[in-house]
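What the coordinates show
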Amino acid sequence: WDTAGQERFRSLTSSYYRGAQGVILVYDVTSRESFDNLRGTWLKELETYADLDDLVLMVVGNKVDLEAERQVSLEDGRQFSKNISALFMESSAKTKIGVKAIFDELVRKILNSPIMTREKDKEQAIAQRNKVSLQKDDDEFGEQETGCSC
């Protein structure tokens, strides 16, 4: 979900976190205020409504095409991401720099995350438990017949 940080969607955003497997926190590299809001608003909201243990978190600094107007350094973004154990990338939605890589990396991490492994294991266990054998042993000839022995 993309609410673009709009206050009018604040009451709805808590429901977006339930069941989420990945979250991208985006800030504007030309706005120190948007970067500070990651800590002051969005991270607190994640901690309140999301299960951070089962979540792949990524921080993205956007608008790198406006380098001359940069207010948040690359190192500040990296350090913040490291402090919250999040992936980090920078991008420009306008010029498409890094946009595909962001989603590719997030999906790759989600697919390799412990929760996905647990889900795959659970599905395999259910499939194994529900497996029905359609073979009947024929003791007299030591051969197997196929078909249901109902």
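Everything here concerns the structure above.
An account of the accompanying structure is given in this report. Note that the structure is predicted; figures quoted are calculated from it, not measured. (Residues numbered from 1 in each chain as written. Predicted model: local features only at pLDDT ≥ 70, side-chain atom pairs only at ≥ 80, totals over all residues. Heavy atoms only, no water.)

What about helix 3 (residues 74–83)?
Our working definition: The buried label applies to any residue whose accessible area, calculated with a 1.4 Å probe on protein chains only, is under 20% of its type's maximum; exposed applies above 50%, and partly exposed to all values in between. Each helix is a run of DSSP H or I of at least 4 residues and each strand a run of E of at least 2, with the numbering of both proceeding from the N terminus. The directions considered for the arc are those from the helix axis to the C-beta atoms. For this analysis, residues touch if any pair of their heavy atoms sits within 4.5 Å.
Of the positions making up helix 3, those classed as buried are Gly-77, Phe-80 and Ser-81. Down the axis of helix 3, the buried set is contained in an arc of 100 degrees. They therefore lie on one face. Opposite the buried face of helix 3, at more than 90 degrees from it, the exposed residues are Lys-82 and Asn-83. Buried residues along helix 3 sit against strand 1 (22–28), helix 2 (32–49), strand 2 (56–62) and strand 3 (87–90). Residue Ser-85 follows helix 3 closely and has a positive phi angle near 55 degrees.

Re the pairing of strand 1
Rules: At least two DSSP bridges between two strands are needed for those strands to be called paired.
Strand direction decides the pairing type here: strand 1 and strand 2, joined by seven bridges, are parallel. Within strand 2, the position partnered with Asp-28 by the bridge is Asn-62.

Considerations on the nonpolar core
Let me state the cut-off plainly: For the purposes of this section, nonpolar cores are sets of buried Ala, Val, Leu, Ile, Met, Phe, Trp, Tyr and Cys residues that join through side-chain atoms within 4.5 Å.
By size, the foremost hydrophobic cluster in this structure holds 20 residues, and its most contacted members are Tyr-27, Leu-38, Leu-46 and Val-59. If you list the elements that add at least two residues to this core, you get strand 1, helix 2 and strand 2. The element best represented in this core is helix 2, accounting for five residues. If we ignore the near neighbours within four places in the chain, the residues touching Val-59 are Leu-25, Tyr-27, Leu-38, Phe-80, Ser-81, Ile-84, Ala-86, Leu-87, Phe-88 and Met-89.

A look at the sheet that holds strand 3
Basically, it comes down to this: Axis lines are fitted to C-alpha atoms, over the contacting stretch for helices. Their N-to-C directions set the angle, which ranges from 0 to 180 degrees.
Spatially, 1-2-3 is the arrangement adopted by the three strands of the open sheet, whose pairing is parallel. Unpaired on one side and paired on the other, strand 1 and strand 3 mark the two borders of the sheet. In this sheet, neighbouring strand axes are inclined to one another by 20 degrees on average, regardless of whether the strands run parallel or antiparallel. Here helix 2 sits on the sheet in contact with strand 1 and strand 2, set at roughly 155 degrees to strand 1. Here helix 4 (residues 99–111) sits on the sheet and contacts strand 1, strand 2 and strand 3; the angle it forms with strand 2, its principal contact strand, is near 170 degrees.

A closer look at helix 4
Using the following cut-off: Take the number of residues in a helix, subtract one, and multiply by 1.5 Å to get its expected span.
For helix 4, which comprises 13 residues, the first-to-last C-alpha distance of 19 Å matches the rise-based estimate of 18 Å (1.5 Å per residue) to within 8%. If you check which residues of helix 4 are buried, you get Ile-102, Leu-106 and Ile-110. Each buried residue of helix 4 sits inside an arc of 60 degrees when the element is viewed along its axis, so together they form one side.

Here's the deal with the pattern of salt bridges
Applied cut-off: By definition, a salt bridge exists where a carboxyl oxygen of Asp or Glu is found within 4 Å of a side-chain nitrogen of Lys or Arg.
This structure, assessed with the given rule, holds seven salt bridges. The partner of Arg-70 in a salt bridge is Glu-90, with the nearest N and O atoms 2.9 Å apart. Of the two residues, Arg-70 is situated in the loop between strand 2 and helix 3 and Glu-90 in strand 3; the sequence distance between them amounts to 20 residues. Judged by its relative accessible area of 22%, Arg-70 is partly exposed. Between Glu-105 and Arg-108 there is a salt bridge, and its shortest N-O distance comes to 2.9 Å. With Glu-105 and Arg-108 both in helix 4, this residue pair falls three residues apart, about one helical turn. Classification of Arg-108 by relative accessible area gives partly exposed; the value is 40%.

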